[in-house]
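The lines below spell out each chain.
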Protein chains: 2
Amino acid sequence: MRPLTGKWKIEIMWSLAQGTHRFGELRRALPGITQHMLTVQLRELEADGLVKRTAYEEMPPRVEYDITEAARGLQPVFQTLIAWSKQHGPISRRHTVDRE
Amino acid sequence: MRPLTGKWKIEIMWSLAQGTHRFGELRRALPGITQHMLTVQLRELEADGLVKRTAYEEMPPRVEYDITEAARGLQPVFQTLIAWSKQHGPISRRHTVDRE
DNA sequence: CCGGATCCTTTTTGATACTG
DNA sequence: CAGTATCAAAAAGGATCCGG
């Protein structure tokens, strides 16, 4: 099992759980993420059936992201994890990077 | 935020959520994990305050692992994720390795 | 039985530049 | 605006051998 692996997936899903977002909106909602990473993670989430991508072929381009029905069942997970991390601080993955 | 990152952490926590386990028991409960990885992940979980380790200096050695009080609040997360993955299949991290 | 220490491979992440 | 292409660095994962 490998749920929601990736440095930003929880936060992405949490953002999307609160409503449709455009690419640029997500980028602003996740300070520190690069376009590259946002693209990669969204693509993976899409492939995993957690995110739905809707592209409008207009000028200027517009792309919207939503969570899928399947992912609705995970919504409490996102909520709990976000809330938990606010209380206990971030967990794991070199949480103490102590640059040096 | 980086919750429960690691290939085995969810499953480890899920196992421990169901009761105290010894090292060897966990190993058997997680087919495919190496002792090395189990050690590493347990150490990280311990450092993150999600797991409590109790070593008995006996012969033969015995070590028990439990989830901490702080981690109790995450128990529904483990449950939901495990249940979800049983329905929808594993998520992410090269789930389609399609070896040639 | 429960690890630690090494060494090596694979995956992930990130910086930067470029495009319809 | 919403990406793609490259390249490089870092982190995670795993095999194997050693020790109390």
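Details of the structure are given in the entry above.
Residues numbered from 1 in each chain as written. Chains lettered and ligands numbered in written order. Predicted model: local features only at pLDDT ≥ 70, side-chain atom pairs only at ≥ 80, totals over all residues. Heavy atoms only, no water.

Chemist: Can you help me understand the nonpolar core in this one?
Modeler: Generally speaking, soluble globular proteins have nonpolar side chains that are buried together. M13 of chain A together with M13 of chain B are the most contacted members of the largest nonpolar core, which totals 50 residues. Looking at this core, the elements with two or more residues in it are α1 (9-17), α3 (35-47), β3 (62-67) and α5 (75-88) of chain A together with α1 (9-17), α3 (35-47), β3 (62-67) and α5 (75-88) of chain B. Other than its neighbours up to four places away in sequence, M13 of chain B contacts L4, L45, L50, V51, I67, A71 and F78 of chain B. (Core = buried A, V, L, I, M, F, W, Y, C linked by side-chain atoms within 4.5 Å. Buried < 20%, exposed > 50% of the residue type's maximum accessible area, 1.4 Å probe, protein only. Helix = DSSP H or I, 4+ residues; strand = E, 2+ residues; numbered from the N terminus. Contact = heavy atoms within 4.5 Å.)

Chemist: Please clarify how the pattern of salt bridges should be interpreted in this entry.
Modeler: It is possible for side chains of opposite charge to pair when their charged atoms get near one another. All names here are of chain A. With the rule as written, the count across this model stands at 10 salt bridges over all chains. R62 serves as the salt-bridge partner of E64, at 3.1 Å between the closest nitrogen and oxygen. Here the salt bridges share partners, and the residues they tie into one network are E58, R62 and E64. (Salt bridge = Lys/Arg side-chain N within 4 Å of Asp/Glu carboxyl O.)

Chemist: What's the story with α3 of chain B in this structure? I'm lost.
Modeler: Residue pairs three or four apart in sequence face the same way in an α-helix, which turns once every 3.6 residues. Residues and elements named next belong to chain B. Counted at 1.5 Å a residue, the expected span for α3 with its 13 residues is 18 Å, and the 18 Å between its end C-alpha atoms agrees. Buried residues of α3: L38, Q41, L42, E44 and L45, and no others. Viewed end-on, α3 has its buried residues packed into an arc of 160 degrees, placing them on one side of the element. In this structure, α3 carries H36 and A47 as exposed residues pointing more than 90 degrees from its buried face. Packed against the buried residues of α3 are α1, α2 (23-29), β2 (51-56) and β3. (Expected span 1.5 Å × (residues − 1). Arc of directions from axis to C-beta.)

Chemist: Just checking my understanding: could you explain α1 of chain B for this structure?
Modeler: Residue and element names in this part refer to chain B. Among the nine residues of α1, seven are classified as buried, and the element is accordingly described as predominantly covered. Along α1, the residues classified as buried are K9, I10, I12, M13, S15, L16 and A17. Remark: G19 follows α1 within two positions and exhibits a positive phi of approximately 140 degrees.

Chemist: Before we go on, may I ask you to explain the sheet that holds strand β2 (residues 51-56) of chain A in this structure?
Modeler: Strand pairing within a sheet occurs via backbone hydrogen bonds; the two strands may be parallel or antiparallel. All names here are of chain A. Here we have three strands laid out as an open sheet, ordered β1-β3-β2, and antiparallel in their pairing. Two strands in the sheet have a free side with no partner beyond their single neighbour: β1 (21-22) and β2. Bridge analysis of β1 against β3 gives two bridges, and the strand direction is antiparallel. What sits directly across from R22, in β3, is E64. (Pairing = 2+ DSSP bridges.)

Chemist: Got a minute to help me understand the packing of α5 of chain A against α5 of chain B in this structure?
Modeler: Across the interface, α5 of chain A lies against α5 of chain B with an axial gap of 9 Å and an inter-helix angle of 150 degrees. With respect to α5 of chain B, the axis of α5 of chain A lies roughly antiparallel. Like other packed secondary-structure pairs, α5 of chain A and α5 of chain B cross with a definite hand, here left-handed. Touching V77, T80 and L81 of chain A of α5 of chain A are V77, T80 and L81 of chain B, all from α5 of chain B. Looking at side-chain class alone, the contact of α5 of chain A with α5 of chain B contains four nonpolar, two polar and no charged residues. (Axes fitted to C-alpha atoms, helices over the stretch in contact; angles between N-to-C directions. Parallel < 35°, antiparallel > 145°, perpendicular 65-115°, else oblique. Left-handed = near helix turned anticlockwise from the far one by under 90°. Nonpolar A, V, L, I, M, F, W, Y, C, P; charged D, E, K, R; others polar.)

Chemist: Would you take a moment to explain unusual backbone geometry for this structure?
Modeler: In terms of backbone geometry, most residues other than glycine have negative phi values and most peptide bonds are trans. The step from M59 of chain A to P60 of chain A runs through a cis peptide bond, and the omega angle for that step is 0 degrees. Tracing the backbone through its elements, the reader meets P60 of chain A in the loop between β2 and β3.

Chemist: What is the right way to read the sheet that holds strand β1 (residues 21-22) of chain B from this model?
Modeler: All names here are of chain B. Pairing in this open sheet of three strands is antiparallel, and the strands run β1-β3-β2 from one edge to the other. Where the open sheet ends on each side, the last strands, each with one partner, are β1 and β2. As defined by bridge partners, β2 adjoins β3 across six bridges and the pair is classed as antiparallel. Among the inter-strand pairings, T54 is bridged to a residue of β3, identified as E64. Lying over the sheet, α3 contacts β2 and β3, oriented at roughly 115 degrees with respect to β2.

Chemist: When you look at the packing of α1 of chain B against α5 of chain B in this model, what are you seeing that I'm missing?
Modeler: Two quantities define a packed helix pair, namely the angle between the helix axes and the distance between the axes. Residue and element names in this part refer to chain B. Following both chains from N to C, one finds α1 and α5 inclined at 115 degrees, their axes separated by 9 Å at the closest point. Seen along the crossing, α1 lies across α5 with a hand that is left-handed. Contacts from I10, E11, M13, W14 and A17 of α1 reach α5 at Q75, F78, Q79, L81 and I82. When grouped by side-chain class, the residues that make up the contact of α1 with α5 number seven nonpolar, two polar and one charged.

Nothing here speaks to function; it is geometry throughout.
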